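Each chain, written out:
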Amino acid sequence: MRFMYKAVLSAASLGILAASPVLAGDAIRPIEVFTRPQASQPQEFQSVQLIAQEWRKLGLNVNVRVLPWEQMSDVVWYQRKNWDATAWQMVGRPERSDPDEIIYNLFHSSTAEKGYNFIGYINPEYDAVAQAQRNEIDQAKRKELAYKAQEILAQDQPNMMLVHPKQTFAFDKKVWDPASVVNQSGIGIRNTWTFMSLKPLGEKKDIVLNSGDNVIAINPLYISGGVDSWVFELVYDRLVRVGPDGLPKAWAAESYEWKGDKTIVVKLRQGMKWHDGRPVTPEDVKFSFEAAVSGEAPMYAPFASNIEKIDIGDGSTLTFTLKQPSAAFVTSTLGKINLIPKHVWEPTINDLKTKEQNAESHQEKNPIGSGPFKFERWLTNEEIVLTANKEHFNAPKADRWILRIVPNVEAAVGMLRSGEINFLADFAGDPQVLLKAAEQDGDLEVVSSVEMGFRYVAFNNRRPPFNDPAFRRALSAAVDRQLIVKAAFRGFAEPSNSIVSPALGFWHNEAVVKNFKAGNKIAAKLLEDAGYTLEGGRLHYPGDQKETLAK
């Protein structure tokens, strides 16, 4: 144990003077922050550069490490003890119109080992609130619990929320009828409803769109990434889909009806077929939900874990009995679980139970769903081609859906202007560039809206010093979100301190955003109050804490 003198946290700007002898720990090791490459994710890359700059002012040695998406995802998801902090995003998905998926799955301790809580955030008080909002049927009381969850997260800062982007997309209005484009609440125009509805105006009938990231998997039991979800939402049906207005609508279910607060009866739509021609049966539906909790699909397990049993009735009826009442069940479970063919997946899951890996690592050669598009081919790093399922009960008007992998943002805009793609589905560049291109070309239509998803920096709560809420609060407070909005997102974003987007007005706790104060002096004071010290310009742990992770 040794005594040191507290130093000025930022001698030039903070003015917090050494005053009394305090206990000082080891210097904090250099910390790494991951980001994707500038060419594919310029907003993310720029944000991380700005953040690193602010953290260095606190006396931290910050290394920005650029990784392609596949590598970054693999390290963050599967090597959960081996990283410090990473830029990350939660994309807007229709079923996230209900906040349960984010509130529960992203932060509940039960999903920390293998599920969505990849940062390892553990807080029993939060767990209780997250569970209570899930079970609360009274909408007003549930709203209070959702607000409370946002307040706890704002206090603990398990992640550093950055912005809710204004998603900007564009399409060729000479190829597609603008009236057939669907702007889904909190999602924007790049959504399943648009891809089913797009009406061709001429001979071009293929939807050709872009992505800056590669697809990792087309797997109905693995939530592998935002772009991947574009694909499997088209290949696989669900009992319910969230509509453009954010409300659940019967889909593969012809109807559903609550029979008490823990029982819901679902009638399966008649005449549905798998892409291999076999009929979709109630047994397939029951199997799909059982597969989610089979132990082979940990990311989907939380969405089906509240189901006590599923009984198949006469004909096409299924009765779901829940363990606990669940206000979010229709959206977060019936609208989340992909329907999969039992004859394909049952032998696969039985085989996987004898092996170390689970269903997340299984990739079908020819994915078979029942959705509005059929899988045709996947050329890794190049393209994915889906063909319209003309026998679907909501058959697309386009012939094919072709996803081109275009890592460079500028190249993607060039391809849109030249006609190589006709729907700009992924654009992380300066929206003003896109607006200018539309003005010059005359055949492009640009649509921008605030999404329900968000960009953030994930802190690895398992590793010191990120396991200290005071340290996390200080790092979060060091960065002015308006700076991120203006410098990295060119004004096309809303500053955030909440996991619930302002696009979801009923659930969004505006106070946790308005009351968030940022600045270097605030951050330095938080560190000082928690016992962190500066010595020779380097930030040290409080007390006699040792650095255990230095390389």
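This text gives an overview of the structure that appears in the document. Starting afresh in each chain, residues are numbered from 1 along the sequence in its written order. Where totals are concerned, whole chains, interfaces and linings use all residues; where local detail is concerned, this predicted model gives features only for residues with pLDDT of at least 70, and gives and counts side-chain atom pairs only at 80 or more. Just so you know, side-chain values use all the structure's heavy atoms and leave hydrogens and water out.

**Let's talk about the packing of helix α12 (residues 409-418) against helix α13 (residues 431-441)**
Alright, step 1. Fitted lines through C-alpha atoms serve as axes, helices being fitted only where they are in contact, and the angles separating the N-to-C directions of these axes extend from 0 to 180 degrees. Numbered from the N terminus, helices here are DSSP runs of H or I no shorter than four residues, and strands are runs of E no shorter than two. Across the interface, α12 lies against α13 with an axial gap of 11 Å and an inter-helix angle of 15°. Taken together, α12 and α13 sit at an angle that is classed as roughly parallel. Considering how the two elements wind past one another, α12 and α13 form a crossing that is right-handed. Facing Val413, Leu416 and Arg417 of α12, the residues of α13 in contact are Leu434, Ala437, Gln440 and Asp441.
Alright, step 2. Under the scheme applied here, ten amino acids are nonpolar (Ala, Val, Leu, Ile, Met, Phe, Trp, Tyr, Cys and Pro), four are charged (Asp, Glu, Lys and Arg), and all others, including Gly, are polar. Tallied by class, the residues present in the contact of α12 with α13 amount to four nonpolar, one polar and two charged. Here the angle decides the label: under 35 degrees means roughly parallel, over 145 means roughly antiparallel, 65 to 115 means roughly perpendicular, and every other value means oblique. Handedness of a helix crossing follows the sense of rotation of the near helix relative to the far helix, less than a right angle counterclockwise being left-handed and clockwise being right-handed. Contact between two residues is taken to exist if any of their heavy atoms lie within 4.5 Å; hydrogens are not considered.

**Some points on the packing of aromatic side chains**
Alright, step 1. Here the aromatic set is Phe, Tyr and Trp, taking the six-membered ring for Trp, and pairing holds for ring centres within 6.5 Å; pairs whose planes are under 30 degrees apart are stacked, those over 60 apart are edge-to-face, and all others are tilted. Taken as a whole and assessed by the stated rule, the structure comprises 23 aromatic pairs.
Alright, step 2. Measuring from ring centre to ring centre gives 6.0 Å for Phe107 and Tyr126, while their planes differ by 75°; the resulting arrangement is edge-to-face. One end of the pair, Phe107, is in the loop between α3 (100-105) and α4 (124-135); the other, Tyr126, is in helix α4, and 19 residues separate them in sequence. Grouping residues by exposure puts Phe107 and Tyr126 together as buried.
Alright, step 3. Seen from their ring centres, Trp258 and Phe329 are 6.2 Å apart, and the 65° between their planes marks the pair as edge-to-face. On the criterion of sequence distance, the pair formed by Trp258 in strand β10 (residues 253-258) and Phe329 in helix α10 (residues 329-334) is long-range, its members being 71 residues apart.
Alright, step 4. Through a chain of ring-to-ring contacts, three or more aromatic side chains come together here, namely Trp69, Trp77, Trp83, Trp88, Tyr116 and Phe118.
Alright, step 5. Only when the NZ atom of a Lys or the CZ atom of an Arg is both within 6 Å of the ring centre and within 35 degrees of the ring normal do we say a charge sits over the ring. Directly above the ring of Trp77 sits Arg80, whose terminal nitrogen or CZ lies 4.6 Å from the centroid.
Alright, step 6. The positively charged end of Arg134 is found above the aromatic ring belonging to Tyr104, 3.7 Å away from the centroid. Burial status follows relative accessibility: with a 1.4 Å probe on protein chains alone, a residue under 20% of its type maximum counts as buried, one over 50% as exposed, and anything between as partly exposed.

**Notes on the pairing of strand β13 (residues 317-322)**
Alright, step 1. Two strands form a pair only when DSSP identifies at least two bridges running between them. Sheet topology places strand β11 (residues 263-268) next to β13; five bridges connect them, and they run antiparallel. Looking across to β13, one finds that Val266 is bridged to Leu318.
Alright, step 2. Sheet analysis places strand β12 (residues 307-312) next to β13, joined by five bridges and oriented antiparallel. By the bridge assignment, Ile312 is partnered in β13 with Leu318.
Alright, step 3. Once β12 ends, the chain turns through four residues before running back antiparallel as β13, passing Gly315 with a positive phi of about 65°.

**Re the sheet that holds β12**
Alright, step 1. Ordered by their spatial adjacency, four strands build an open sheet running β10-β11-β13-β12, and the pairing between neighbours is antiparallel. With partners counted over all chains shown, the strands left at the sheet margins are β10 and β12, one partner each. Each strand of the sheet is rotated relative to its neighbour by a mean of 20°, with strand direction disregarded.
Alright, step 2. Contacts from helix α8 (residues 282-292) reach β11, β12 and β13, with the element oriented near 170° to β12.

**Overview of the pattern of salt bridges**
Alright, step 1. A pair is scored as a salt bridge if a Lys or Arg side-chain nitrogen falls within 4 Å of a carboxyl oxygen belonging to Asp or Glu. Under the counting rule described, the total for this entry stands at 31 salt bridges.
Alright, step 2. For Arg36, the salt bridge is made with Asp213, and the minimal N-O distance between the two is 2.6 Å. Of this pair, Arg36 sits in the loop between β3 (31-35) and α1 (42-56) while Asp213 is found in the loop between β7 (206-211) and α7 (226-235), placing the two residues 177 residues apart along the sequence.
Alright, step 3. When salt bridges with common partners are traced through the structure, they connect Asp206, Glu376, Arg377, Glu383, Arg400 and Arg404 into a single cluster.

**Focus on helix α5 (residues 139-156)**
Alright, step 1. For α5, with 18 residues, the first-to-last C-alpha span of 26 Å sits near the 26 Å given by 1.5 Å per residue.
Alright, step 2. Here α5 has its buried residues at Arg142, Ala146, Ala149, Gln150, Ile152, Leu153, Ala154 and Asp156.
Alright, step 3. As for α5, its buried residues are in contact with α3, α4, α14 (469-477) and α16 (510-514).
Alright, step 4. We define a polar contact as two N or O atoms separated by no more than 3.5 Å, with the added condition that, inside protein, one atom must be a possible hydrogen donor and the other a possible acceptor, whereas residues neighbouring each other in sequence contribute only through side-chain atom pairs. Put simply, Asp138 is the residue that caps the front of α5, since its side-chain oxygen is 3.0 Å from the backbone nitrogen of Ala140.
Alright, step 5. Note on α5: the residue one or two positions beyond its end, Gln157, has a positive phi of about 45°. Helices are assigned an expected span. That span is 1.5 Å times one less than the residue count.

**Brief notes about unusual backbone geometry**
Alright, step 1. Following Pro464, the chain continues to Pro465 via a peptide bond in cis, the omega torsion being 0°.
Alright, step 2. Summarising the element assignment, Pro465 is placed in the loop between β19 (454-459) and α14.
Alright, step 3. The backbone of Gln157 sits at a positive phi, close to 45°, despite the residue not being glycine.
Alright, step 4. Tracing the backbone through its elements, the reader meets Gln157 in the loop between α5 and β6 (159-172).
Alright, step 5. Unusually for a residue other than glycine, Asn381 sits at a positive phi of about 70°.
Alright, step 6. Within the fold, Asn381 resides in the loop between β14 (373-379) and β15 (383-388).

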